[in-house]
Amino acid sequence: MTCTEFLEILDDVIDESMAVETRSEIEAHLKKCGHCEVVLNTTRKTIEIFRCHEIYELPAEVSDRLHNAIMERCRKAK
Amino acid sequence: MSTIQSIEGQNEQHPDVALVERVRGGDVSAYDTLVRKYERQIFRIAQHITQNREDAEDVMQDAFLKAYEKLDQFQGNSKFYTWLVRIAVNESLMRLRKRRTGRLVSMDEDVRTEEGSVPRDFADWAPNPEQNYSQAELAEILRKTIQGLPQGFRVVFALRDVDGLSTEETAETLGLSVPAVKSRLLRARLQLRERLTRYFGRKATQAVQASGSPQGIGAEK
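Let me begin by describing the structure that accompanies this report. (Residues numbered from 1 in each chain as written. Chains lettered and ligands numbered in written order. Predicted model: local features only at pLDDT ≥ 70, side-chain atom pairs only at ≥ 80, totals over all residues. Heavy atoms only, no water.)

### Details of the overall build of chain A
No. 1: Within chain A, the regular secondary structure consists of five helices and zero strands.
No. 2: Along chain A, helices and strands appear, N-terminal first, in the series α-α-α-α-α.
No. 3: In terms of overall dimensions, chain A is more spread out than a globule: its C-alpha atoms have a radius of gyration of 22 Å, far above the 12 Å expected for 78 residues.
No. 4: Buried positions account for 44% of the 78 residues belonging to chain A.
No. 5: Restricting to contacts in chain A with at least 6 residues of sequence separation, those with at least 24 account for 59%.
No. 6: Carbon and sulfur atoms provide 51% of the accessible area of chain A, an area that totals close to 4400 Å².
No. 7: Each charge class in chain A was averaged separately, 11 positive and 16 negative side chains, and the resulting centres sit 10 Å apart. (Helix = DSSP H or I, 4+ residues; strand = E, 2+ residues; numbered from the N terminus. Rg over C-alpha atoms; globule rule 2.2 N^0.38 Å. Buried < 20%, exposed > 50% of the residue type's maximum accessible area, 1.4 Å probe, protein only. Contact = heavy atoms within 4.5 Å. Areas by Shrake-Rupley, 256 points an atom, 1.4 Å probe, with all protein chains shown as cover. Lys, Arg positive; Asp, Glu negative; His and termini not counted. Charge placed at Lys NZ, Arg CZ, Asp CG, Glu CD.)

Listed below in structure tokens is the structure:
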């Protein structure tokens, strides 16, 4: 497996949706390619960081205000 | 954080179905539950698309109201949440169009760029590099990083990776093909990784630790 081939299936590797035969090819490639190993690990970490940190905070008072406004408009609508 | 289960049992009914039925039967308090359940996610998606807090607040209200008014049209062959997201995405795009005085806005905007589709920086990251930054600094880094992506990539990443929709649901929600979602997702992930390496690569985090303050915030183009 080449680095280009590895990159092409990077998403499948991350989402763990590939065939068993491919899995052993990937492992063999990662053993000898430090760059691809870094790309895989840091891409996984990238997703994890974005998933675990709320970047657009919705403070409770804003959330309550919006929530009440939505429900009031809904009640009026019917 | 993600509350969306990607796979439901074949015969198991999603809890939203019962709530939607109650709303259709005139029970507004059931809609209150649905709004509470999804308001944060809808707000976040609207922020990702509009990049503007005021617009995101308006979109969130309009999307929930529209969903309420159109609930009779909800077929139930997709999940309530993905149906709701589709409404929010359309409302967000309409809002952008208004801001840009009528210029057509679509999910295909700016996606031709090939920047970042091939990794260039292979610096490994420090273990738990985010711990070198305060919550506020980290949020600022993440915002800057994702705002630099073309919109069509940003939204795919936000729905698929942050919100936890499946590739198929993301495609359905955005009106894109599954291969288009996959290609955008890969490029979004690689571009974000590349940009975050500036902050989280071993060299960068050593500099933060040495100076006691984050290096590079605000230095981005």
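### Some details on the nonpolar core
No. 1: Grouped together as the largest cluster of nonpolar side chains are 85 residues, with contacts concentrated most on Leu-10 of chain A together with Tyr-31, Ile-42, Phe-64, Phe-80 and Phe-157 of chain B.
No. 2: Take this core: its biggest share by element is 11 residues, from helix 2 (residues 28-50) of chain B.
No. 3: Those residues within four positions of Ile-42 of chain B in sequence are excluded, and the remaining contacts are Met-60, Ala-63, Phe-64, Tyr-81, Leu-84, Val-85 and Ala-88 of chain B. (Core = buried A, V, L, I, M, F, W, Y, C linked by side-chain atoms within 4.5 Å.)

### Some points on unusual backbone geometry
No. 1: Of note in the backbone geometry, Glu-16 of chain A takes a positive phi value of approximately 50° without being a glycine.
No. 2: Residue placement: Glu-16 of chain A occurs in the loop between helix 2 (10-14) and helix 3 (20-32).
No. 3: One non-glycine residue, Gln-51 of chain B, adopts positive backbone phi at about 60°.
No. 4: Judged by its relative accessible area of 29%, Gln-51 of chain B falls in the partly exposed class.

### Structural notes on the interface of chain A and chain B
No. 1: Contact with chain A, which involves 37 residues of that partner, is made by 52 residues of chain B.
No. 2: For the pair chain A and chain B, the two sides together bury roughly 4500 Å², of which 63% comes from carbon and sulfur.
No. 3: Between chain A and chain B we count eight salt bridges in total.
No. 4: For the pair chain A and chain B, the interface holds 18 residue pairs in polar contact (both at pLDDT 80 or more). (Buried area = accessible area lost by both parts, 1.4 Å probe. Salt bridge = Lys/Arg side-chain N within 4 Å of Asp/Glu carboxyl O. Polar contact = N/O pair within 3.5 Å; in protein donor to acceptor, adjacent residues only side chain to side chain.)

### Concerning the packing of aromatic side chains
No. 1: All chains considered together, the criterion is met by nine aromatic pairs over all chains.
No. 2: Following the ring pairs from residue to residue traces out a cluster consisting of Tyr-38, Phe-74, Phe-80, Tyr-81 and Trp-83 of chain B. (Phe/Tyr/Trp six-rings, centres within 6.5 Å; stacked < 30°, edge-to-face > 60°.)

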